[in-house]
Amino acid sequence: MSSTRTRPTSTVDTFGPCAPDTVLVADELLREDLPSIPCPAADLIEGEMRRRGVRTRRGPLHIESTPAGAAGGPVVCWETTGEAAGIGAAARDHHGSVVVREVVDSWTAVSGPRSVLLAAPRSFCAGVERAIEIVERALEQRGGPIHVRKQIVHNRHVVAELEERGVVFVDELDAVPDGATVVFSAHGVSPAVRVEADRRRLDVIDATCPLVGKVHVEARRFAERGDTIVLVGHAGHEEVEGTLGEAPDRIVLVETPEDVAHLRVEDPERVSYLTQTTLAVDETDEVIDALRARFPSLRGPGSDDICYATTNRQDALRAIATESDLVLVVGSSNSSNSLRLVERAERCGTPAHLIDDARDIRPEWLAGVATVGLSAGASAPHHLVENVITVLAGLGPVSVSEHETTRETVSFTLPLPVRSP
Ligand code: SF4
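**Brief notes about helix α6 (residues 210-224)**
Working step 1: Compared with an ideal rise of 1.5 Å per residue, which puts 15 residues at 21 Å, α6 spans 21 Å between its outermost C-alpha atoms and is within 8% of the ideal.
Working step 2: Here α6 has its buried residues at Val212, Val215, His216, Glu218, Ala219, Phe222 and Ala223. One face of α6 carries all of its buried residues, which in axial projection span an arc of 160 degrees.
Working step 3: In the segment just after α6, Gly226 is the residue with positive phi, at about 90 degrees.

**Topic: the pairing of strand β3 (residues 22-31)**
Working step 1: Bridging between β3 and strand β4 (residues 34-38) involves 3 bridges; their strand directions are antiparallel. Counted as the bridge partner of Glu28 is Pro38 from β4.
Working step 2: Remark: 2 residues form the turn of the hairpin made by β3 and β4, two consecutive strands paired antiparallel; Asp33 in that turn has positive phi of roughly 60 degrees.

**Regarding the site of the ligand**
Working step 1: Taken together, Cys125, Gly127, Val128, Cys209, Leu211, Val212, Thr277, Thr278, Cys307 and Tyr308 make up the full set of residues near the ligand.
Working step 2: Within the residue set of the shell around the ligand, elements represented by two or more residues are α3 (126-142) and α6.
Working step 3: Partitioned by chemical class, the residues of the shell around the ligand number 7 nonpolar, 3 polar and no charged.

**Focus on the sheet that holds strand β10 (residues 167-170)**
Working step 1: One open sheet holds the 4 strands; their spatial order is β10-β9-β11-β12, and the pairing between them is parallel. Lying at the two open borders of the sheet, with one neighbouring strand each, are β10 and β12 (203-206). Mean inter-strand twist for the sheet, computed between neighbouring axes without regard to direction, equals 30 degrees.
Working step 2: Those strands touched by α3 are β9 (146-149), β10, β11 (181-184) and β12, and its axis lies near 150 degrees from that of β12.

Reading the values: rules and limits
Starting afresh in each chain, residues are numbered from 1 along the sequence in its written order. Since the coordinates come from a predicted model, pLDDT governs what is reported: local features require at least 70, and pairs of side-chain atoms require 80 or more to be given and counted, while whole-chain, interface and lining totals use all residues. Think of the side-chain values as coming from all heavy atoms in the structure, minus any hydrogens and water. Numbered from the N terminus, helices here are DSSP runs of H or I no shorter than four residues, and strands are runs of E no shorter than two. Working rule for helices: expected span equals 1.5 Å times residues minus one. Residue exposure (1.4 Å probe, protein chains only): buried if accessible area is under 20% of the type maximum, exposed if over 50%, otherwise partly exposed. What the arc measures is the spread of directions leading from the helix axis to the C-beta atoms. For two strands to be treated as a pair, DSSP must find no fewer than two bridges joining them. By convention in these notes, a residue is near a molecule or strand provided one of its non-hydrogen atoms lies within 4 Å of it. Each residue gets one label: Ala, Val, Leu, Ile, Met, Phe, Trp, Tyr, Cys and Pro are nonpolar, Asp, Glu, Lys and Arg are charged, and the others, such as Gly, are polar. Here an axis means a line fitted to C-alpha atoms, over the contact stretch when the element is a helix, while the angle between two N-to-C directions is reported on a 0 to 180 degree scale. Contact criterion: two residues are considered in contact whenever any of their non-hydrogen atoms come within 4.5 Å of each other.

This is the structure:
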């Protein structure tokens, strides 16, 4: 590596208000009469500490020569591209000091220059942006609390940020007070939920993505013409639950080509299919091929149900995966399209991991890795991706290049109740 690294004998003097079993993870290293050293990789240190069950606190760490044997863990500093970057953590007790040394060593062992290949498009799609804006506008117009049925989009950070601003997420409508405002999530709801909301006289704002709404309309149309509808999707996913509810007696769910072999339908001449919007394109094609082979008169939607955002992110990921030693996908574990991106990278033969944020990155993943491919699911905020680049730059110089496979221009209008006058 081109950076110079030193492990000073100096250690820590100031914890501030910090419990004895809490490790201080440095945001910056403060030096007497010298400029402070930033610690962009602090999230990495903190994440590894937490995985080891150690409580952490973030803050500046004063570096000062102390007598041998003084309490405190290691502080490591090195120069990257002329700018100092450091890693620092310190503990008050013996156990904490041992962990600090192990954790700092594990990250310095994988420090060095790296390339980051950014997939584009990545992160928020038009449906997610619209859903979040609907909740934000509802908050502005009506004040808190605003209830949202299910997670507005499948991302832990988005949900936590909205909760802090007065949004109450509920699993079902019975947790919403009569007459209160409730927002339906981007994944859509079944007609039974709408009926229940009417009965309770709830003030409904519908944030269902218009592309999910399109699948609902198709489900009703296919059911009205008497077809058996085969829905390709993942059991238990909220979008699938909503679509199934449009015609519960006429829709059957399949996930794999094997499922198709076991299907029983009323009339093999009257079968149509629909899909969840966030599936893997290639695997879904395999299921549809199996359906066509079994039901030659199979009919489908006029245009693909797998949405533009899902397709574009998978194409972009494929373009960088083969050139990467490791792929990181920012997204939550209940985000279908994020999970599909991880699978897409693995199908290209590249190790890949889903991370909620930079703190989930593990040092062993970076061993021997010179090029990191980076993407994010459609429900993951852009700033989390930027932060991954920032923390990697805390381990050594990072060169970033973006590989754009297409430019997205899709946007959706807001529903009337939150539209500006
Ligand atoms: Fe809509 Fe697709 Fe985004 Fe889901 S991933 S919210 S279907 S645009």
